[in-house]
Each structure stands twice: as C-alpha cells, then as structure tokens.
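The chain contents come next:
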Amino acid sequence: MRLFALRQKMAIEGVMPERALLKLRLAQIDLFDVKKPQKNRLVFTVARKDVQKVFAIYPNVCYNKNGYASYTAENLGAVGITKCLDFAKKRVGFLLGAFLFFIGTLALDEYIFGIDFVGSDIYAREARMTLSEYGVKPFARYKSGNEDLICSKLLSLDGVEFCSVQKNGLRVRVEMRIGEYGERKLQEGDFISRYTGEILAITALRGTPLKAKGDKVEAGERLVGGWFLKDEEQIRVAPIARVQIACVYEGEYFTQTAENAFAEAYLTLALKEDDSVTDAQVQKNGDGYLVRIEYTVTESINF
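Description of the structure in this document. Just so you know, these numbers come straight off a predicted model, no measurement behind them. (Residues numbered from 1 in each chain as written. Predicted model: local features only at pLDDT ≥ 70, side-chain atom pairs only at ≥ 80, totals over all residues. Heavy atoms only, no water.)

**Quick word on unusual backbone geometry**
Most peptide bonds take the trans form, and the phi angle of most residues other than glycine is negative. For clarity, the cut-off: Put simply, DSSP marks the helices as runs of H or I at least four residues long and the strands as runs of E at least two long, and each gets a number from the N terminus on. The rule is simple: take the accessible area with a 1.4 Å probe, protein chains only, and divide by the maximum for that residue type; under 20% is buried, over 50% is exposed, in between is partly exposed.
The phi dihedral of D231 falls on the positive side, at around 55°, and the residue is not glycine. Along the chain, D231 falls in the loop between β15 (227-230) and β16 (233-236). By relative accessible area, D231 is classed as exposed at 73%.

This is the structure:
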C-alpha cells in the first residue's frame, strides 16, 4: 500500500513564488507540505485531481529578459512511502539538512498573504484602511499586538457590535458583526483618488462623475463629486462609486539580482488582492537596477 498514492508533488518557480499561493487558495486547491528549497521555488503536494487546476492557473511561462513576471508549474511525480523509506536509508544526512532548512522556512509564517472577512463585509474598505495604518497588509510581516486598537476603531463604526482580528496561518481573519438595527453610515465628501494614472473604468451610482474613461488623474484629484444638480441647485449626497486606474511605478534598487530588485519594488506598491501587475521590466543600471512596473488598482467609496 502506498501512502499518499493519490497525491502529486509539484513545484512553482518565479519571482516571489509565495504570491502564487494566493491564486491556488482562491481556486480552493488544498496545499500540503509547502517548502521553499530556493528563493524562487516552492515545492508542495496536491490531490491528484487538482494537478490540472494548477497547470490551468500557471501555464508554462517564466521570467524572461524583458522582466515579465509569471510562474512555471512542474509535476514532480507521485509521493509514496516506499520511495521515502529508500531515500531515508541512503541519505540520512541529507534529510537532516532538509529538515533544518524546513525549520528555517517557517519564518514565512511571519508574513500574511491576504485578508478574509467573516460575518459582515460592508465595512471592508474601512477595515482595510485601518489594518494598513497598523502595517497589516498582504505580503508584509504581520505586526501583532495591535489587534485591540484595530478592533476599537472598527467598533466605532455605525452598527458594529462585535469585532475580532487574528492571524490564521498565512492570512488575517477579520470578523465583524452588525447589530440587527445597525445601518452603515456612508462616507461623506468627494471621492478623491489616491493614485496617479489613467482611468480604465469608472462607475458612479450616486454623485457626479468628474472624470471619464481614458482621462488622466493625479493623486489627490476628485473623481466623483459628492453632489448632484437639481433645478440648478447643488444637492450634497454621499457618493457611491468605484474606479479602476492603470498606474506606472519606476524606481532604482541596489540589490544583487534583478529578482530581488523586482521583489522590493513590488512590496513598495503594497497592492491589494484585487489589484494586479500587468507588466514589469528590470534593467541593469550601474550598481543597481531600474524597475518599471505597470499595474492596475481599484478604488471605491461606499460601494
């Protein structure tokens, strides 16, 4: 009888391979025995039925000279007890070293790769902003000790009767419950952009759009006015809107490799789960690297 006969060992390679775990989790693919033998390689096992799902999410496209960042999936074969025992008899020293290395990779547990909302998510935007104020955001080290302060701010929101913030594996679990008669208090004022770029799409359910698709926008500019005209009179309202913006980031990093330069630049952007990188270029420049990243972000207010 073969142990784990219905499981396959797989590998993901690419810049910051930890980020690849996010899509696999969202696709509800269970991962087992996750290890990081190299800085650009993750090894794990999945159920045999999920192998094709992994290849569907990560086709055979890899990092090239143009700096385009993606991932390569590789099937390393079935996992069985007989193979493990034979390997153990011949290479006890290697296994001991691998075990010590695995202990070192547990440092990954200090990072978070996403935020899950349980109960009510009507204050998801406010919760993300509050978490970010205390350094709790995807692809950053989890800073513990501020859970009570975060909850105290979230409990001050209209209708919130219960709040809990805790780290659950590689994700942060935020639970909020709204009272039976609690109503969300809409944010007043104009919808202001936090990014500079080109507007790809804009939707305003309430308020007056001040920008359109294809327009350029600077950080701090108004996207949607918190008002509408009625009989030539300006009536103030709480805007309800969402916008998608194409942005470009450029920076110089003095690192040993192009991959490290891209990784530092990516962390600087602090993208949310619904944001995405559309293109990336890394070029050698003297002792450092010039990094250019094109990405899209989604902002909303009361949406």
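**Details of the pattern of salt bridges**
The cut-off we apply is this: Basic side-chain nitrogens of Lys or Arg form a salt bridge, by our definition, when they fall within 4 Å of a carboxyl oxygen of Asp or Glu.
Per the stated rule, a full pass over the model turns up 16 salt bridges. Salt-bridge contacts for D116 lead to R171; the nearest nitrogen and oxygen are separated by 2.8 Å. Highlighted residues: D116 in strand β6 (residues 115-119) and R171 in strand β9 (residues 171-178), separated in sequence by 55 residues. The residue K216 makes a salt bridge to E198 at a minimum N-O spacing of 3.3 Å. Of this pair, K216 sits in strand β13 (residues 216-217) while E198 is found in strand β11 (residues 197-206), placing the two residues 18 residues apart along the sequence.

**Quick word on the side chain of T296**
Condition: When checking whether two residues touch, look at their non-hydrogen atoms; a contact exists if any pair is within 4.5 Å.
Looking at where T296 falls in the secondary structure, it is placed in strand β19 (residues 288-301). By relative accessible area, which is 11% here, T296 ends up buried. Those residues in contact with T296 that sit more than four places away from it in its chain are L200, Q244, I245, A246, D275, S276 and T278.

Interpretation note: all reported values are geometric properties and have no functional meaning in isolation.
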